[in-house]
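Residue-level listing of the chains:
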Amino acid sequence: MDAAQWQSWDARDDGQQLWSAMKTTASRFDAVIFDCDGTLVDSEPLGLAAIAQEALALGVEPVHLADLDTMKGQSMATTLATIAQRWGRELPADFETTVRATMAESFKTQLQPMPGALALLQRLTVPYCVATNGPRAKTELTLSVTGLLPLLQGRIFSAYEIGAFKPNPALFLHAARAIGVAPERCVVVEDSMFGMRAGLAAGMRVCALGSPELLPAELQAQVRHLAALEELLDEL
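Residues numbered from 1 in each chain as written. Predicted model: local features only at pLDDT ≥ 70, side-chain atom pairs only at ≥ 80, totals over all residues. Heavy atoms only, no water.

Some points on the packing of aromatic side chains
Alright, step 1. Tallied over the full model, the rule gives two aromatic pairs.
Alright, step 2. Seen in terms of ring centroids, Phe34 and Tyr128 are 6.4 Å apart; in terms of plane orientation they differ by 80°. Their pairing is edge-to-face. Here Phe34, found in strand S1 (residues 31-34), pairs with Tyr128, found in strand S2 (residues 128-132); they are 94 residues apart in sequence, far enough to count as distant. Each member of the pair, Phe34 as well as Tyr128, is classed as buried.
Alright, step 3. Each ring, one from Tyr160 and one from Phe165, has its centre 4.9 Å from the other, and the planes form 85°; the classification is edge-to-face.
Alright, step 4. Classification of Tyr160 as partly exposed rests on a relative accessible area of 35%.
Alright, step 5. The aromatic ring of Tyr128 is capped on one face by Arg155, whose charged end is 4.8 Å from the ring centroid. (Phe/Tyr/Trp six-rings, centres within 6.5 Å; stacked < 30°, edge-to-face > 60°. Helix = DSSP H or I, 4+ residues; strand = E, 2+ residues; numbered from the N terminus. Buried < 20%, exposed > 50% of the residue type's maximum accessible area, 1.4 Å probe, protein only. Lys NZ or Arg CZ within 6 Å of the ring centre and 35° of its normal.)

Written out as structure tokens, the structure reads:
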């Protein structure tokens, strides 16, 4: 089966024969599991800006938001709970809904794919999917806006749908089971420490997109660093 046939595959179908057809002895790994935010789409700066904007509008002091970038990749609930704890007050019940609406507007007008994401997906000849801590609606919006959704439709796995968020490895293990590939035969592509730790705990090869010097030394030693997405092809 060629790349065009693979790209039409839908994980919701009974496609085990197609998965088998994609596996070749020449590949070191049988599947790639991508994170979404900060890995395929450049949504992290816009998302964090939306959280900061709405928190400041409530009166949260800037000092409580200074390290928001270190919270990327974790669940929204965890991030908002941290802000509330620092602020010393509960956030409004509808705060997450407000933040997500602000994010969506920013995504629709400003979001771009990560450099090389489209070209990489088009070149991959092994099965691939997305496993994200984000809700399905957000993920489908970001992938649609950036033109990547047609290549990933039906192959999106959300932590919200299984009730387990990275760094818990359950999401990656769920995705691997769904696509019929053993965890040790999967490569995970991640940009956050939470996702990298989840991939390692799942027993998968982890490729870290971004600056390695920002990672703790013990984590640096366990992942393969990618300066650009296209370098993933050297792992397969």
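What about the side chain of Thr132?
Alright, step 1. With respect to the secondary-structure elements, Thr132 resides in strand S2.
Alright, step 2. A distance of 2.9 Å separates a polar atom in the side chain of Thr132 from the backbone nitrogen of Gly134.
Alright, step 3. Once residues lying within four places of it in the same chain are set aside, the contact partners of Thr132 are Asp35, Cys36, Asp37, Thr139, Phe157, Ser158, Ala159, Lys166 and Leu171. (Polar contact = N/O pair within 3.5 Å; in protein donor to acceptor, adjacent residues only side chain to side chain. Contact = heavy atoms within 4.5 Å.)

Quick notes on the pattern of salt bridges
Alright, step 1. As enumerated under the stated definition, the model contains 14 salt bridges in all.
Alright, step 2. In this structure, the salt-bridge partner of Lys166 is Asp35, at a minimum N-O distance of 3.1 Å. Of this pair, Lys166 sits in the loop between helix H9 (159-162) and helix H10 (170-179) while Asp35 is found in the loop between S1 and helix H3 (44-58), placing the two residues 131 residues apart along the sequence.
Alright, step 3. A relative accessible area of 4% places Lys166 in the buried class. (Salt bridge = Lys/Arg side-chain N within 4 Å of Asp/Glu carboxyl O.)

Examining the environment of Pro127
Alright, step 1. Note on placement: Pro127 falls in the loop between helix H6 (117-123) and S2.
Alright, step 2. Linking Pro127 and Ile179, residues 52 residues apart in sequence, is a C-alpha distance of 8.3 Å.

Things to note about the sheet that holds S2
Alright, step 1. Taken together, six strands build an open sheet; the order of strands is S3-S2-S1-S4-S5-S6 and the sheet is parallel. Two strands bound the open sheet, and with one partner strand each, they are strand S3 (156-158) and strand S6 (224-226). Adjacent strand axes in the sheet meet at a mean angle of 25° when their direction is disregarded.
Alright, step 2. Relative to strand S5 (residues 205-209), strand S4 (residues 186-190) runs parallel, the two being bridged by four bridges. Across the sheet, Val187 pairs through a bridge with Arg205, a residue of S5.
Alright, step 3. Here helix H11 (residues 193-201) sits on the sheet and contacts S4 and S5; the angle it forms with S5, its principal contact strand, is near 165°. (Pairing = 2+ DSSP bridges. Axes fitted to C-alpha atoms, helices over the stretch in contact; angles between N-to-C directions.)

Things to note about the confidence of the model for the protein
Low-confidence regions, as indicated by low pLDDT, have predicted coordinates that should not be scrutinised in detail.
Alright, step 1. Residues at a pLDDT of 70 or more form 89% of the protein, whose mean pLDDT is 90.
Alright, step 2. Note that residues 1-6 has pLDDT below 50 and, in this model, 14 contacts with residues that lie over four places away or in other chains. (pLDDT = per-residue confidence, 0-100.)

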